Structures are given as C-alpha cells and as structure tokens.
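In case you want the letters, here they are:
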Amino acid sequence: MGAPLKKIDEHAATFVRLADQPSKAQLKLRQPPHAQAIPAASARSLLRFITCGSVDDGKSTLLGRILYETGAVFDDQLAALDRDSARFGTTGDDLDFALLVDGLAAEREQGITIDVAFRYFSTENRAFIAADTPGHEQYTRNMATGASTADVAIILIDARKGVLPQTRRHSYIVSMLGVRRVIVAVNKIDLVGYDESVFRAIETEYRALAAMLDFIEIHVIPVSARFGDNIVAPSARTPWRQGPALLELLETIDGAPHGAAQFRFPVQWVNRPNLDFRGFSGAIAGGSIAVGDRILALPRGRTSRIARIIGPDGDIGQAAAGQSVTLTLTDEIDISRGDVIVKADDSVAPARTATVRMLAMTETPVTPGRNYLVKIGSALTTARVTALHHQIDVHDYQPKPAQALAMNAIGLATLRFETDVVIEPYAQCQSLGGLLLIDPHDNSCAALAVVEADGQAQAAPSPARGHALLSWLGVSALQDDAAVARAAIAPWLAGAGLTGLIAFVASGRPLVATAAALVDAGVRPSLTRLVRSYRPRAVGASEDGLAGDGGGI
Amino acid sequence: MSGMTHLKALEAESIFILREVVATCEKPVLLYSIGKDSAVLLHLALKAFAPGKLPFPLLHVDTGWKFREMIAFRDETARRFGLDLIVHTNEDGVRAGVNPITSGSSVHTDVMKTQGLKQALDKYGFDAAFGGARRDEEKSRAKERIISLRSPDHRWDPKAQRPEPWRAFNTRKRKGESLRVFPLSNWTEADVWDYIALDDIPVVPLYFAKMRPVVDRNGAIIMRDDERLPLHAGEQPQNKMVRFRTLGCYPLTGAVESEAETLPQIIAEMRASRSSERQGRMIDHDSASSMELKKQEGYF
Ligand SMILES: Nc1nc2c(ncn2[C@@H]2O[C@H](COP(=O)(O)OP(=O)(O)O)[C@@H](O)[C@H]2O)c(=O)[nH]1
Ligand SMILES: [Mg+2]
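I will try to describe carefully the structure that is included in this document. (Residues numbered from 1 in each chain as written. Chains lettered and ligands numbered in written order. Predicted model: local features only at pLDDT ≥ 70, side-chain atom pairs only at ≥ 80, totals over all residues. Heavy atoms only, no water.)

## Points about the packing of helix 2 (residues 36–49) of chain B against helix 6 (residues 189–199) of chain B
Residues and elements named next belong to chain B. Defined as follows: Only the stretch in contact is used when a helix axis is fitted, and all axes are lines through C-alpha atoms; the angle between N-to-C directions ranges over 0 to 180 degrees. Here a helix means four or more residues in a row that DSSP labels H or I, a strand means two or more in a row labelled E, and each is numbered from the N terminus. To sort the angles, those under 35 degrees are grouped as roughly parallel, those over 145 as roughly antiparallel, those from 65 to 115 as roughly perpendicular, and the leftovers as oblique. Left-handed describes a crossing in which the near helix is turned anticlockwise from the far one by less than a right angle; the clockwise case is right-handed. By definition in these notes, contact holds between two residues if any of their heavy atoms fall within 4.5 Å. Ten residue types, Ala, Val, Leu, Ile, Met, Phe, Trp, Tyr, Cys and Pro, are classed as nonpolar, four, Asp, Glu, Lys and Arg, as charged, and the remainder, Gly among them, as polar.
One can describe the packing of helix 2 onto helix 6 by two numbers: an axis separation of 10 Å at closest approach and a directional angle of 55°. On the basis of their axis angle, the class for helix 2 and helix 6 is oblique. The way helix 2 lies across helix 6 gives a crossing that is left-handed. Two secondary-structure elements touch here, helix 2 through Lys36, Asp37, Val40, His43, Leu44 and Lys47 and helix 6 through Glu189, Val192, Trp193, Tyr195, Ile196 and Asp199. Residues that form the contact of helix 2 with helix 6 fall into these classes: six nonpolar, one polar and five charged.

In structure tokens form, the structure reads like this:
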C-alpha cells in the first residue's frame, strides 16, 4: 500500500494494481481496451469532458491515470510509456502517466502540455471523449478549444497550493463556455498527508469563487493522480471522505448539453445535383422538425413547408437536434449557405448588434473600431467591435476598464454586424450563440465570443445564481448536491423577495462591488435595475442598442 | 445530441465536417488509402452528399507496394460507386529505385508516400484533403485539430495550431496554404468496426483470417504477396491462418495469427487484444516521435 506504481517490467505481467482495495468495479474496468464496449456499442451515451487548472496541478497525470485504469492503454503503449518514463519522466522510477497524453515532442522534452490532447475510453455505459488542456496562461486558447465542446470539466487544484490564478481563469472560461457541471479534483492529496483540513479549506475557497459563476453542480473530491486515490474506488487513505470515486462520478454525472428548444437549422450546403433536387444540408442546432412543418428561412424571411427530410440512412419523418440532415421544401425559395431555417410561427428576428463576452486569442489585441470576419453557425459576415465595455479581472471576476483586450484577456464588447444575422444567446443555442472572430488580414482566430443573454429574456435567478446569492449572504453551501442549495435558496427568494438585496446593496461599497459582480454573473435584468442607481460608474463606453443589458457592467 | 447513440453522434459530426469543407473550399480531395478507415470515410462522404454524387475526387498515392487485394478492392470500389479516382505514384522515386526492402521503411515512406502525396496535391492544386486518420491512433494525432492548416510546402506546425472552438471551423487560408481534414478524428478503432458492422460496409478481405503465405522478418509476420520479397537461403513461405489489423505496403505490414473469418469474430478479437493496431506498422517505430516528424514534413 502506498507504493508508487513500479515500472512495467516488474509488474506488468500481472497488472498489479496500486490502488488500495481492488474493488469489483476496478477489476471490471481493467480489461482490454475495447472490451467494455461490446454489449451496447450502439446504445452507449457520449460524455465529453476536459481536465483543466493551473500548470503542474496534475491534469495530464490524471487523464493518463484514468486511461490506464479503464484499460484504454495497450501493452505496446505501456511498454513505450515505460521507455518514455525513463527518458523524460518526472516521477523517478515510476511510470509518468502524463507522458501518455503529452504527445508532442516539445511537450515531452519540457514536461508541459502545450496543446489540447483528445483521448478516448469507454466503460459499460458511456463512451468518453476526454480533452487534456494546457495550464499555462500563454496557451489559454488551446484550453478554450477543449472547453468549448465539453459537457463536464474536471478542474484540478494542487492540494499544496490551493486555488491559483489559473484555477480562477479556467473556471471562468469553463463557465462562460456553458459548462454547468464541474468536478473539482483536489490533487496530490498524498503530498499533504491525506489531511482533511487542507481539503476542506480548499473546498470552501473554491465554492466561494464558484458562487460567482454559472455552475449548477459542483463536486469536490480529494485525489492523487499519481497514486490512484479516489480515481476508480474510494481510497482507504481518505476515510473522512464520503461519496463516489472520480470514475463513478464521470459515469453518472448528467451530461445533457444545452441545445435550443426551438428548431434552428443553419444551412451549411445547398445540395443541387440535378434539376429535380434541391436540398438544404446542415446539422440541426436545436429543437426538432417533421415533414409537413411550415418553416421560415432567415434572414430573408421566406416561408415554405418541409417536403422531405433525408438523414444519413435515407428519408425520415422527423429529425432533432444533433442530426445531420438534408431538407427539401415544397416551394422554390431562395436559400443559401448561412441562412437559418426556423419554424414559421417562431418569433426570432435577425439582428445587427450583439453584446458578447469574448476571449482574445491572438497577439494583436482586440480593440474598438476593428473589423473582423465573424463565423456564426454556417454564416460568415463582417463585424466591427463598436465598444469594449470592460475586461474581467480573473483574480476576483470584477470588471475593470480596458481600452483593448490583449491575448487571453476576457471582456464584454458590442459587435455591429454588416449584414442581418441570426443569433441566439449562447445559453440557449451554442451554434448560433458561439462566435468565432477571424482576423481578415491573416485569417487567424482572433477571438471567440459568446452572445450574452438578452435582458428581457432572463427570468428569476437560476439555481447557479442561488449559489451566488447564498455565498454572498455569507451562507456557505458545502453540499455536493446543487438541489440542496436550490431548496435552501428557493423559500428565501420567495419569502423575502429581492427587497433585502436593496438594503445590502445600499449599505456599503464592497457590497456594491459584489453586487456588480453578481450582475456580471448574469443576474439580470431585475437586479440590474435594482443595482444600477447604486453602482459606481466605473466603466466607459456604452452604446445605444445595448439596452438595459448591463451595458456598463 | 441527447438521445443519439454514440455512433450516430459520431456519424453526424463527420458528415458535418465533410459538408463544411466542401462548402468553403475550392478544390477538395479525399485521400483514399483503401483500408477500413478510408472505407468508413468514403461511406460517410457518400451519405453526406446524397442523393448527389461525391463533389470531389479520390486520390490514392500508390507506392507500388500495396497488397494486390488492396488494388483490386480499390478499383472495384471506384467502379461500383462511379467514383473519380486519381492514382498517383512518385515516378522520381521509382526511377531512383526506392523500395521498402532495400531503402528501409523511413526512406520508402518519405519518398513514396509523403513526397508522392505532396506532388499529387500540388499537381492538381487541391486546397483541402480529407484523410481517415483518427486521434486514437497515435499520440501526436491526439493533438491535431480536425481541420489542420498546412503551409505552402505542406508543413504542419504543431506548436501554432489554430484554436478550434465548437464546430465553428475556420477554413480560411492564404494562397498556397491548404487544409488537411480529419472527419474521423473522434472515432476509435472500435467505433470504426462497430460502424462497419452496423452499416455493412465492404472492406478489403485482408482484414479477415485466411491461409496466406508468410515469412518471419524480425519477429513480424510478413506476407509474401509477390516475388519481390526476397527469401533467405533455403527459406520457404509458410501457409498460416493470418489477418491484418491495418493495411499498408505489404513488406512493412505485420500480420496477426487469427481464426477470425467474420466481422463479429474480428470485433471480438479486437476487443480482447492487448496491443494497439499500430503495432503491426513498421513505419511508426523509427523513433519516439516519428509520426510527429513525418506529419510536420507533410505526411497526412
Ligand atoms: N505526488 C504527486 N505528484 C503528482 C500527482 N499528480 C501529478 N503529480 C506530479 O506533478 C507534476 C505535474 O503533473 P502534470 O500531470 O504534468 O501536470 P499538468 O501540468 O497539470 O498536466 C508531475 O511531476 C506529476 O508526476 C499526485 O497526485 N501526487
Ligand atoms: Mg499537462
């Protein structure tokens, strides 16, 4: 017990496992790489997750460990790992699991992760796509690449170091990109003697910061990526911790992506093989559609009816979000790539401006007045940054004035499009709310941006904001289950209403700042209205068309 | 994607990628290497553009050393679907006498595959090339984007890859630059076989076990597909029940002893296997980061 995993020549033959008690779950898992997939290969669900956090917190080691434990590493790869560990390893005589995922020569030489690695494994019920992301600030854009498609994030924290600036930055980006469920792995728990108090202190600190973000589910778990504690089975060395091991969490956590409830179909390609066929191909970005439905093609606003839906296996009667299909219509109307087909009774209107939260990704800073090519769904248009409202200070999530967004900075801006575009708040539709800004001079990806929720559309505080309010009021929510927090906050909101907030807000400057942060986290528009009169006018340029939606936040 | 099975989600994603590139690039091509991944890629492409025909040609870079059954399967596939198939061989390499036996695997691969591919892409002016590579194949592949930008001399710069958020692919490029596109990026070997079974996709018979004439070369089982593979003094090829997990140039492709003659048997064997599919490929073992180097030089 406690001995690090020895090199493979000593132990590989019997696959001696290092974790404390080889439970049934472990034995079941440690099978050949494809073995778990058999019975329900076509019925398994797919979960995409990332590992993120600061440099050296153990992200790559953790993913390597998971791959190893789930049997996703073949013998010849293990033999290669053995050789690589001797050559590049950072773990003495032990296997360095990070080398399973740090696949670029430069990464192995330097012992760091530069770009995101995508790895695959499966258990009985789920297939996983895991993205191991780099911790260095300079590679934030690569981290964002991995985070953008994730359903769940594992955020690592080194137990010796606690919450670091990169922990905050990555948490913010993960939340901004729509990940609502996170697992906080307090790693290297071996190096603090498996001490519960260290773990609890980090948990408390993390929950306080997370309260300012949009998570609805936060699990905090002590692990040792290097020695395997709480990875596939609860560890005897953390008897003070109740709850499932990391892998069980990954197998059971809800991964439901947020697709639009309304039918949204960005036309990707017009399929016109002959005079008798004219179809519109694309992936359904939200909702569902059936043959016979009346549709509206935006931005030009022509209407028609669905004649056929052709899926990968031929004609189908209806189709839903995620499917790649080709639609034909009963009328010859002018539709081209970039248009969006919606249902005829839908009230969506094309827009010319948008308030976006963006992450700058190139050396050339994003500045007001600059023009970019913008990719929205399948549409490519030009937009000008008309205002930069503020930059987010990732240390405390407070807005601060900014003239430009340098690489890796996050801020709130207004875009004005050259043409009518169909956009949606990112929280409602990832395809039409996630924008890629391309520098027209060198075609580089200058920034990614997410469309902010429309002020009017936002109702009462969501569960995530429930957390935020609790923490703001000094109530600590240490429960693993968001439902508990929800239950706690609901009567409070219902009973006391929002009036109590006004009193707090009015009572002092620090609170005003916190309130502004809350608003920033999305408690609009009701709070915006309440807070506006008390808020110090910290930040600059706002623009018409920005409406009440936190233009000056 | 809720409610969609894992395989159907992968299928939808691949079709999306194929269409996106066709919609935004001028002259795409599908690199068809005849193996199982190419079979799946072609199958997905046919689905993506149905009921129309494929809006791009297929390119096979022929080293002259592929298994004969591969070439027969290639030509039969092109006939069956009425495909526009371009076969390119690096004639400079042929004239210089480059071959996998005396030149060695790395020279042969570089000249006949990498240089051959670059010649063909330049000759026809293709600006986007689909390949069937998957991220689970190899550790540097695991790092590559779905849409990967190449310089005018086809080089990949792994340290300066474009961000690729969501599916908002940036397919823009300057004159001379091109894209390598990997619609199967997120598929695993198991997914590929499950999908071949699900859709009953034809694959080269070499994947199924059969009695074949083989010799031992440094511990690898090599099939003597024709007279060009020299025999050692007194050596006689043995007939053994073997099959292949990946396919390439026959002198560089190791067989596995197997009784798996059907698709379910192949899938069962793969699931029980403890070695990776690339183990049978000689060309990957040249050095620790050989794949990355080859890719930097333009190998797809
Ligand atoms: N003692 C101990 N060391 C660890 C643990 N996890 C990672 N490490 C070591 O921490 C260093 C950084 O790990 P790495 O996975 O590369 O971190 P990354 O930058 O977050 O990907 C390596 O030397 C690892 O071996 C752990 O749980 N316990
Ligand atoms: Mg790392």
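From this point, the narrative continues.
## Considerations on the packing of aromatic side chains
For clarity, the cut-off: Here a Phe, Tyr or Trp ring, Trp counted by its six-membered ring, pairs with any other such ring whose centre lies within 6.5 Å, and the pair is stacked when the planes are under 30 degrees apart, edge-to-face when over 60, and tilted otherwise. To sort residues, take the accessible area from a 1.4 Å probe on protein chains only and compare it with the maximum for the residue type: under 20% means buried, over 50% means exposed, and anything in between is partly exposed.
One pass over the structure, following the stated rule, counts 18 aromatic pairs over all chains. Ring geometry for Trp269 of chain A versus Phe49 of chain B: centroids 5.0 Å apart, planes at 80°, classification edge-to-face. Of this pair, Trp269 of chain A sits in strand 8 (residues 269–274) while Phe49 of chain B sits in helix 2, which puts the two residues in different chains. The same class applies to Trp269 of chain A and to Phe49 of chain B, which are both buried.

## Description of the pairing of strand 2 (residues 117–122) of chain A
Residue and element names in this part refer to chain A. To be explicit about the condition: Note: two strands are recorded as paired if DSSP finds a minimum of 2 bridges between them.
Most of strand 2 is tucked away: six of the six residues are buried. Where strand 2 lies against strand 3 (residues 126–132), six bridges are found, and the strand directions are antiparallel. Across the sheet, Arg119 pairs through a bridge with Ala130, a residue of strand 3. In sequence, strand 2 turns back onto strand 3 through a hairpin of three residues.

## Some remarks on the sheet that holds strand 5 (residues 147–150) of chain B
Residue and element names in this part refer to chain B. Here six strands make up an open sheet; going across it, the order is 3-2-1-4-6-5 and the pairing mixed. A single partner strand is all that each edge strand has here, and the edge strands are strand 3 (85–88) and strand 5. Looking at each pair of strands side by side, their axes are set apart by 30° on average, direction ignored. In this sheet, strand 2 (residues 58–61) lies alongside strand 1 (residues 28–31) in parallel orientation, the contact comprising two bridges. Each residue of the ladder has a partner; that of Leu31, found in strand 2, is Leu59. With respect to the sheet, helix 1 (residues 6–24) is in contact with strand 1, strand 4 (128–130), strand 5 and strand 6 (178–181), its orientation differing from that of strand 4 by roughly 160°.

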